[in-house]
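What follows is the residue order along each chain.
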Amino acid sequence: METLEKNIEVLKSKICEAAIKSGRSPDEIHIVAVTKTVLPEIIQKAVNCGVTLLGENRVQEAAKKVNLIKGDVKWHLIGHLQKNKVKPAVKLFSMIQSLDSVELAEEIDKRACEMQKIMEVLIQINIGREESKFGIDVEDAVEFANRIARFSHIKIRGLMAIAPFKENTEELRPYFRKMNDVFMKIKMLSLKNVDMSILSMGMTNDFQIAIEEGANMIRIGTGIFGKRK
Ligand SMILES: *Cc1c(COP(=O)(O)O)cnc(C)c1O
């Protein structure tokens, strides 16, 4: 078995274990294969192994790859989006996981309207309140969701977060739990243009803990493709 195929097998078995531990079905957990810096031919191999969701951090990098990859795949933007890149982003991606301001939402709504598309988004939460990371404060999430709900060409599908780095990943549980709490809170509001079903958290280092605490979408780069250069 090739390394890539083996990595995916190992990943799936760990997902299975974590899902069962939290009393859920492994089928509920979606894998986004993070393809930043990965060459198209390698991405294609992952797709041939059954990967269906691909995540890119940059619009321009995705633009070069999207047409080269064959198969039934969807691309998610997982990196910060600048307003001047919204137009190509709305065109290329099936989901923008990094919505972090009302101004950005305004621009996405405008471009999606022009393209007659409803753009699916996740609200990015800066769960560790880190200077170096994008996203809104968890305390502001409910109010933010309310403000975004008025845009008719945007559909909020859930939340996304990048956890802070911790040597001991057990220390991340409170962060992930808080994400799950606010996720449920917004879901309960049953807002217009909001269909809370995706909780995107967990990367190569911390996905098992994230799943145990409620994640149903994980974003894995290194764990599939190996270390980035
Ligand atoms: C790079 C990246 C990932 C994947 O990170 P790994 O540790 O390689 O799994 C996930 N999410 C975001 C937003 C990223 O930028």
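All values derive from a computational prediction rather than experimental measurement. Counting restarts for each chain, with residues numbered from 1 along the sequence as it is written. With the structure being a predicted model, the display of local features is reserved for residues of pLDDT at least 70 and the display and counting of side-chain atom pairs for 80 or more, all residues being used for whole-chain, interface and lining totals. To get the side-chain values, all heavy atoms of the structure are used, and hydrogens and water are removed first.

Student: I'd like to hear about the nonpolar core, residue by residue, with values.
Tutor: The definition of a nonpolar core used throughout is a set of buried Ala, Val, Leu, Ile, Met, Phe, Trp, Tyr and Cys residues joined through side-chain atoms within 4.5 Å. Here the term buried applies to any residue with accessible area under 20% of the maximum for its type, exposed to any over 50%, and partly exposed to those in between, with areas from a 1.4 Å probe on protein chains only. Judged by nonpolar contacts, the single largest core of 72 residues is most densely connected at Leu54, Leu81, Ile108, Ile125, Ile148, Leu159 and Ile224. In this text, helices come from DSSP runs of H or I with a minimum length of four residues, and strands from runs of E with a minimum of two, each type numbered from the N-terminal end. The element that contributes the greatest number of residues to this core is helix H1 (residues 3-21), accounting for 6 residues. It only takes one pair of heavy atoms within 4.5 Å for two residues to be counted as in contact. In this structure Ile125 touches Gly135, Ile136, Asp137, Val138, Ala141, Leu159, Met160, Ala161, Ile162 and Met179, once residues within four positions along its chain are discounted. The next biggest cluster of nonpolar side chains, apart from the first, holds 7 residues, and it includes Leu53, Met95, Leu122 and Ile198.

Student: Break down the pattern of salt bridges for me, with residues and values.
Tutor: In the sections that follow, a salt bridge refers to a side-chain nitrogen of Lys or Arg positioned within 4 Å of a carboxyl oxygen of Asp or Glu. Applying the stated criterion across every chain yields a total of 17 salt bridges. Among the ionic pairs, Glu130 bridges to Lys133, the shortest N-O distance being 2.7 Å. The residue Lys178 makes a salt bridge to Glu139 at a minimum N-O spacing of 4.0 Å. Taken as a pair, Lys178 in helix H7 (residues 173-189) and Glu139 in the loop between strand E5 (119-125) and helix H6 (141-148) lie far apart in primary sequence, 39 residues in all. For Lys178, a relative accessible area of 41% corresponds to the partly exposed category. For Glu139, a relative accessible area of 49% puts it in the partly exposed group. Each of Lys21, Glu170, Arg173, Arg177, Glu212 and Glu213 takes part in one network of salt bridges that share partners.

Student: Please provide a residue-by-residue account of the site of the ligand, values included.
Tutor: Working definition: residue near molecule or strand if any one of its non-hydrogen atoms lies within 4 Å of it. Contacts to the ligand come from Val34, Lys36, Asn57, Ile78, Ile162, Met203, Thr204, Arg219, Ile220, Gly221, Thr222 and Arg228. Between Arg219 and the ligand, the recorded distance is 2.9 Å, taken from a side-chain N or O atom to a nitrogen atom. One of the side-chain N or O atoms of Thr222 is found 2.5 Å from an oxygen atom in the ligand. Here the shell around the ligand is composed, by residue class, of 5 nonpolar, 4 polar and 3 charged. Two N or O atoms form a polar contact when they lie within 3.5 Å of each other; inside protein one atom must be a possible hydrogen donor and the other a possible acceptor, and for residues adjacent in sequence the pair counts only when both atoms belong to side chains. As a working rule, the residues Ala, Val, Leu, Ile, Met, Phe, Trp, Tyr, Cys and Pro are called nonpolar, Asp, Glu, Lys and Arg charged, and the rest polar, with Gly in that last group.

Student: Tell me what's going on with the pairing of strand E4 (residues 95-99), and back it up with residues and numbers.
Tutor: Summarising burial for E4: 5 of the 5 residues are buried, a large majority. We call a crossover right-handed when, viewed with the strands running away from us, the connection from the first strand over the helix to the second turns clockwise. Handedness of the crossover is the feature at issue here: the chain leaves strand E3 (residues 74-77), passes through helix H4 (residues 86-92), returns alongside E4, and the resulting connection is right-handed. Regarding topology, helix H5 (residues 102-114) serves as the crossover connection from E4 to the parallel E5, and that connection is right-handed.

Student: Tell me what's going on with unusual backbone geometry, and back it up with residues and numbers.
Tutor: Phi is positive for Ser190, close to 45°, though the residue is something other than glycine. Unusually for a residue other than glycine, Asn193 sits at a positive phi of about 60°. By the element assignment, Asn193 lies in the loop between H7 and strand E7 (194-200).

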